Amino acid sequence: MHHKFTETKTPYPLHSPSSASHLVIQRLCAPQLSIRRNFVLFVHLSSNMAGDNPDGVKTLEAKCLCGSVHFTIDVPKPSLPLRVHLCYCSLCRFSLGTPCIFHAPLSKDIVPKFVEPSSADNMTAYLPKGCGATLNFCSTCGCHITAIDLQEGYWVVASSIFLDHGPDNFVIRTHGFSKSVKDGGISKMLTHIDGREVGHYNPPDDDPSAKLVESTPEIGADGKDRMRAECHCGGVSFTFPRPTEEVINDEYMSQFVSHKDKTKWHACLDACDDCRLVNGTHILGWTFIPLEIIEPHIGPDLLIGTAKTYQSSPEVLRSFCGTCGATFFFSHSDRRPSDRQHIVDLALGVLRAPEGFMAENWLTWRARLAWLDSGKRYDKGFSEALQEGMNKYVLENEGKIEDYNIG
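Source: prediction; values computed, not measured.

Asks: Just to check I follow, could you spell out the sheet that holds strand β22 (residues 307-313) for this structure?
Replies: One key point about sheets: their strands pair by backbone hydrogen bonds, in either a parallel or an antiparallel sense. Across the sheet, 7 strands lie side by side as β22-β23-β24-β25-β21-β20-β26; this open sheet has mixed pairing. Both outer strands of the open sheet, β22 and β26 (363-365), are each paired with one neighbouring strand and no more. With direction set aside, neighbouring strand axes in the sheet form an average angle of 30 degrees. In the sheet, strand β24 (residues 327-332) pairs with strand β25 (residues 343-347) via 2 bridges, with the strands oriented antiparallel. Paired with Phe 330 across the strands is Asp 345, a residue of β25. Helix α5 (residues 380-398) contacts β20 (265-270) and β26 of the sheet and is inclined by roughly 125 degrees relative to β26.

Written as structure tokens, this is what we have:
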């Protein structure tokens, strides 16, 4: 099925009225497993992006964690900063395992230049059924790199993998498809960045692309609740229960059970540099569960279905779907006092919580971002705004903000 690409005036405040820029919104909707998946590319075009440019260009460098994908782009200086949108559609969340995707569209005139020995061959391309673009990720570490339009060939790059995400180079302008995540996810915590309002784009409610991907509660063979974790392609799929009596009564494992509600797990957002560069997004959400309680059983090698692994340090093993690229697990040797007590970090973007990304019926959120200082060094405005938003969120939900370590 081919979709016509149509130019539209932006329905939300991205640019000043006097700007010559305009926005092309490509809605690429695909029915899949009787569910309608949404994929949106916000492509910012400007008269400054083509032709002679007397003011020169600025070279920006991007690199994933393992370095297998390493490239530069030459951007006309009048086109800076590049505009970034955060997309919350089910395709973006379930194919990355993250709260949202961080995308910066490039014009066709901007062609990435790979730094040897890196090359495009080091990326895996995921093409969802009926979609007009591929999602490309590093074949080695799983980092999301870009979306590539099939007809025109332009890139919509993951801005989070660039070495310098300063305000002169990138500016986050828009939340896209924030209704798709139902509870709003982190979009409701990021109303402003550096005093600038972050706009929203959602299609009209009667538009087919606005149809939500619904998840339903699951029950295990024992009649108790289960949470489904599944990537977009379905190649990695499993469930886990609420904290069991064995976990609650274990001196070590109980540290990962909510101190407020023993039916929930702890969760937090993480802004560390390694996670950013192995996911291709500024921020990742984690919960922490014993590997032994997952159904079907997953061994310490973290392999199930289409999963691949990457050892990012001698102590750390990470896993992601080798087909669509979704992040799943982080495993550290320090969190394995015994095989039975092996605690893994599970990426929240693959959870199929009926209520939305925050999974409030299953999780107790810590307000403090993990590795906040790393986040501030990379993108101070975003990290400070998100921390402020998380403080408000936890205060509203829990009545007070408690600072504590998890595990």
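What follows continues from the structure just given.
Asks: When you look at the pairing of strand β7 (residues 101-105) in this model, what are you seeing that I'm missing?
Replies: With 5 of its 5 residues buried, β7 lies for the most part within the structure. Of the two faces of β7, the one lined by Ile 101, His 103 and Pro 105 and the one lined by Phe 102 and Ala 104 are each fully buried. In this sheet, β7 lies alongside strand β6 (residues 82-87) in antiparallel orientation, the contact comprising 3 bridges. Bridge pairing in β7 places Leu 86 opposite Phe 102. Two elements, β7 and strand β12 (residues 155-158), share 3 bridges in a ladder whose sense is antiparallel. Along β12, the bridge assignment pairs Pro 105 with Val 156.

Asks: Just checking my understanding: could you explain the nonpolar core for this structure?
Replies: For soluble globular proteins, nonpolar side chains are generally found buried alongside one another. The biggest cluster of nonpolar side chains holds 119 residues, and the ones touching the most others in it are Phe 71, Phe 162, Ile 186, Phe 238, Phe 328 and Trp 365. The element that contributes the greatest number of residues to this core is α5, accounting for 6 residues.

Asks: How do you make sense of the pattern of salt bridges when you look at a structure like this?
Replies: Oppositely charged side chains can form a pair if their charged atoms are brought close together. This structure, assessed with the given rule, holds 17 salt bridges. The salt bridge partner of Lys 179 is Asp 205, with a shortest N-O separation of 3.4 Å. Remark: Asp 205 occurs in the loop between β16 (199-201) and β17 (218-219) and Lys 179 occurs in the loop between β13 (170-176) and β14 (192-193); sequence separation between them is 26 residues. Judged by its relative accessible area of 65%, Asp 205 is exposed. Across the pair Asp 273 and Arg 276 runs a salt bridge, and its minimum N-O distance is 3.2 Å. Here Asp 273 pairs with Arg 276, and both are found in helix α3 (residues 273-279), just 3 residues apart, close to one helical turn.

Asks: Help me out: how do you make sense of the packing of aromatic side chains in this one?
Replies: Two aromatic rings are characterised by how far apart their centres lie and by the angle between their planes. This model, assessed by the stated rule, comprises 16 aromatic pairs. Between Phe 71 and Phe 162 the ring centres are 5.9 Å apart and the planes differ by 90 degrees, which places this aromatic pair in the edge-to-face class. With Phe 71 in strand β5 (residues 70-76) and Phe 162 in the loop between β12 and β13, this pair connects stretches of sequence that are 91 residues apart. Residue classification places Phe 71 among the buried residues on the basis of a relative accessible area of 0%. Note on Phe 162: relative accessible area 1%, which makes it buried. With centroids separated by 5.2 Å and ring planes inclined at 50 degrees, the aromatic side chains of Phe 162 and Phe 170 adopt a geometry described as tilted.

Asks: Would you mind going over the pairing of β24 with me for this structure?
Replies: For a regular strand, the rule is simple: side chains alternate between the two faces of the sheet. Within β24, 6 of the 6 residues are buried, which leaves the element mostly enclosed by the surrounding structure. Connecting strand β23 (residues 316-321) to the antiparallel partner β24 that follows it, the hairpin turn spans 5 residues, and Gly 325 within it adopts a positive phi of roughly 95 degrees.

The rules we used
Residues numbered from 1 in each chain as written. Predicted model: local features only at pLDDT ≥ 70, side-chain atom pairs only at ≥ 80, totals over all residues. Heavy atoms only, no water. Pairing = 2+ DSSP bridges. Helix = DSSP H or I, 4+ residues; strand = E, 2+ residues; numbered from the N terminus. Axes fitted to C-alpha atoms, helices over the stretch in contact; angles between N-to-C directions. Contact = heavy atoms within 4.5 Å. Buried < 20%, exposed > 50% of the residue type's maximum accessible area, 1.4 Å probe, protein only. Core = buried A, V, L, I, M, F, W, Y, C linked by side-chain atoms within 4.5 Å. Salt bridge = Lys/Arg side-chain N within 4 Å of Asp/Glu carboxyl O. Phe/Tyr/Trp six-rings, centres within 6.5 Å; stacked < 30°, edge-to-face > 60°.

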